[in-house]
Amino acid sequence: RKPRILLVDPAGADRAAVRDELIGAGHQVVVADDAMAAVECLEQGPFDLVLTDLLLRDMSGVELAHYVRRHANGRATRVVVLSARD
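Predicted model, so just to flag it, every value in this text is computed and none were measured. (Residues numbered from 1 in each chain as written. Predicted model: local features only at pLDDT ≥ 70, side-chain atom pairs only at ≥ 80, totals over all residues. Heavy atoms only, no water.)

Caption draft 1: Seen up close, the side chain of Arg 15. Among the secondary structure elements, Arg 15 is positioned in helix H1 (residues 12-24). Using a relative accessible area of 16% as the deciding quantity, one classes Arg 15 as buried. Within the structure, the side chain of Arg 15 is placed 2.2 Å from the side chain of Asp 33, a separation counted as a polar contact. Contact partners of Arg 15, with chain neighbours within four places excluded, come to Leu 7, Asp 9, Pro 10, Val 31, Ala 32 and Asp 33. (Helix = DSSP H or I, 4+ residues; strand = E, 2+ residues; numbered from the N terminus. Buried < 20%, exposed > 50% of the residue type's maximum accessible area, 1.4 Å probe, protein only. Polar contact = N/O pair within 3.5 Å; in protein donor to acceptor, adjacent residues only side chain to side chain. Contact = heavy atoms within 4.5 Å.)

What follows is the structure, given as structure tokens:
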């Protein structure tokens, strides 16, 4: 089975490049524009990895990581919080 990755990033160009790289590496990728969309995706099925930007419109990537941990229901979902800030 292909690993499922949830990519949470409001930035279109960067998001598309990361998505394309992950798909090219053989992963199944679902994209969400913000944390609320990510929560909806997480409620529909498990993910192996959540890659999230630190700066989201509706909550921080760190807050989203805490949400994933609280609602994992025993699943081993890893979360990586990224930032493009210098």
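Caption draft 2: View of the pattern of salt bridges. Counted by the stated rule, this structure contains four salt bridges. In this structure, the salt-bridge partner of Arg 19 is Asp 20, at a minimum N-O distance of 3.0 Å. Residue Arg 19 is classed as partly exposed on the basis of its relative accessible area of 29%. On the basis of relative accessible area, Asp 20 is assigned to the partly exposed category, the value being 43%. (Salt bridge = Lys/Arg side-chain N within 4 Å of Asp/Glu carboxyl O.)

Caption draft 3: Layout of the layout of surface pockets. Taken as a whole, the largest pocket spans an internal volume of roughly 210 Å³. Along its surface, the largest pocket is lined by 14 residues, and Asp 9, Asp 14, Asp 53, Leu 82 and Ala 84 are the ones closest to its centre. Contributions of two or more residues to the lining of the largest pocket are made by strand S1 (4-8), H1 and strand S3 (49-53). For the lining of the largest pocket, the per-class residue count stands at eight nonpolar, two polar and four charged. (1 Å grid on protein atoms, 1.4 Å probe; cavity = no way out; pocket = protein on both sides within 12 Å on 5 of 7 lines; lining within 4 Å. Points joined across faces, edges and corners; volume = space filled by probe spheres on them. Nonpolar A, V, L, I, M, F, W, Y, C, P; charged D, E, K, R; others polar.)

Caption draft 4: A look at the sheet that holds S3. Across the sheet, which stays open at both edges, the four strands sit in the order S2-S1-S3-S4 with parallel pairing between neighbours. Whereas interior strands pair on both sides, the edge strands pair on one side only; in this sheet they are strand S2 (28-32) and strand S4 (78-82). Taken over all neighbouring pairs, the strand axes of this sheet differ in orientation by 20 degrees on average, direction set aside. Bridge count for S3 against S4 is five bridges, and the pairing is parallel. Pairing of Val 50 across the sheet is with Val 79, part of S4. The sheet strands contacting H1 are S1, S2 and S3, and the helix crosses S2 at an angle near 165 degrees. Across the sheet, helix H2 (residues 35-44) lies against S1, S2 and S3, angled at about 165 degrees from S1, the strand it touches most. (Pairing = 2+ DSSP bridges. Axes fitted to C-alpha atoms, helices over the stretch in contact; angles between N-to-C directions.)

Caption draft 5: Focus on the pairing of S3. For S3, the buried fraction is high: four of the five residues fall into the buried class. Examined bridge by bridge, S1 and S3 share four bridges and lie parallel to one another. Counted as the bridge partner of Leu 7 is Leu 51 from S3.

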